[in-house]
Amino acid sequence: MGKSEGKIVILTGAGISAESGLGTFRDEGGLWAQHRIEDVATPEGFSRDPELVHRFYNARRAQAAEATPNAAHIALANLQQNWPGEVVIITQNVDCLHEKGGASKVLHMHGVLDGALCASCDHRWPAPDEMHPSDTCPACRATSTRPDIVWFGEMPYDMEEIYDHLGDATMFASIGTSGQVYPAAAFVQEARMAGAHTIELNLEPSAGASSFGERRLGPATQIVPAWTNELLSGA
Ligand code: APR
């Protein structure tokens, strides 16, 4: 397959939503500077203090609901619409800015803020603006509702489908992620084994930068549209 078609698999992280005003995790003043991961992003933290965890996600859900997609989200949706081959977006983000920006094929491996899950019966439904420990599951009535977010120590979603996509990618792009959380941080190795061209687009080199065949540095709203325009013009 020439470069002007083939399957493009894209991984995004918090950096692609930074210019939409949503905080990243590990940058200066990021979410993990404000909250301890073990308190708000683990099953143990949730069972210890569900009110604290719901408050954390209620605040992030409200902020994400106000956020608008930026030029990078829109450029990826445009690539999906106009690239002759398949374009799959795998995101670690729990906001829905890819979808708001017009993307169609998005795999949320860490879940979504606007999803609710019943820890008792696995029922899923659209999350209300605010969730509280006293909420009951609409299906089984148990008071065991939680945000449909994948916490540390839990299995990310869609992993089988993700590895299938990586196995037949001709190009793999990693955008706005520090490459510090697995299994996402190892996707570039899977793509390399499949013979894909690998490119990292990030504000600064990620922990896995040396694994990429190509690297572009800068704000996503600048370097992502430049990259997708180049691909679509057959450059
Ligand atoms: N443009 C491009 N990249 C940016 C921008 C920007 N405007 N701003 C920040 N970045 C980059 C940073 O340089 C950093 O490498 O985005 C990355 C953000 O890294 P993290 O904060 O670690 O976020 P992420 O990699 O998505 O975290 C992965 O960790 O806490 C868990 O589940 C959580 O999904 C999250 C996972």
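Criteria and cut-off values
Residues numbered from 1 in each chain as written. Predicted model: local features only at pLDDT ≥ 70, side-chain atom pairs only at ≥ 80, totals over all residues. Heavy atoms only, no water. Helix = DSSP H or I, 4+ residues; strand = E, 2+ residues; numbered from the N terminus. Rg over C-alpha atoms; globule rule 2.2 N^0.38 Å. Buried < 20%, exposed > 50% of the residue type's maximum accessible area, 1.4 Å probe, protein only. Contact = heavy atoms within 4.5 Å. Areas by Shrake-Rupley, 256 points an atom, 1.4 Å probe, with all protein chains shown as cover. Lys, Arg positive; Asp, Glu negative; His and termini not counted. Charge placed at Lys NZ, Arg CZ, Asp CG, Glu CD. Near = heavy atom within 4 Å. Polar contact = N/O pair within 3.5 Å; in protein donor to acceptor, adjacent residues only side chain to side chain. Nonpolar A, V, L, I, M, F, W, Y, C, P; charged D, E, K, R; others polar. Domains from an automatic or database assignment. Pairing = 2+ DSSP bridges. Axes fitted to C-alpha atoms, helices over the stretch in contact; angles between N-to-C directions.

A.B. asks: Explain the overall build of the protein to me, and be specific about the residues and the numbers.
C.D. replies: In terms of helices and strands, the protein carries nine helices and nine strands. Taking 18 Å as the expected radius of gyration for a compact globule of 235 residues, we find that the protein reaches 18 Å, a close match to that expectation. For the protein, buried positions account for 51% of its 235 residues. Restricting the contact set of the protein to residue pairs at least 6 apart, pairs at least 24 apart contribute 64%. Total accessible area on the protein is roughly 10,700 Å²; 51% of this is exposed by carbon and sulfur atoms. Here the protein carries 16 positive and 30 negative side-chain charges, and the mean point of each set is 1 Å from the other.

A.B. asks: So what's going on with the site of the ligand? Residues and values would help.
C.D. replies: Of all residues adjacent to the ligand, which total 23 residues, the nearest are Phe 25, Arg 26, Trp 32, Thr 177 and Ser 178. A distance of 2.9 Å separates an oxygen atom of the ligand from a polar atom in the side chain of Asn 202. Against a free-state accessible area of 730 Å², the protein chains account for coverage of 94% of the ligand. Here the residues of the shell around the ligand are counted per class, giving nine nonpolar, ten polar and four charged. Both domains that furnish three or more residues to the shell around the ligand are identified here as domain 1 (1-22 + 69-110 + 156-235) and domain 2 (23-66 + 114-149).

A.B. asks: Please provide a residue-by-residue account of the sheet that holds strand E9 (residues 214-217), values included.
C.D. replies: The six strands are arranged E3-E2-E1-E7-E8-E9 in an open sheet whose pairing can be described as parallel. Each edge of the sheet is formed by a strand with only one pairing partner; in this case those strands are strand E3 (106-108) and E9. Strand-to-strand, the axes of this sheet are offset by a mean angle of 15 degrees, without reference to chain direction. As paired strands, strand E2 (residues 87-91) and E3 are joined by three bridges and run parallel to one another. Residue pairing for E3: Ile 90 is matched across the bridge by Leu 107.

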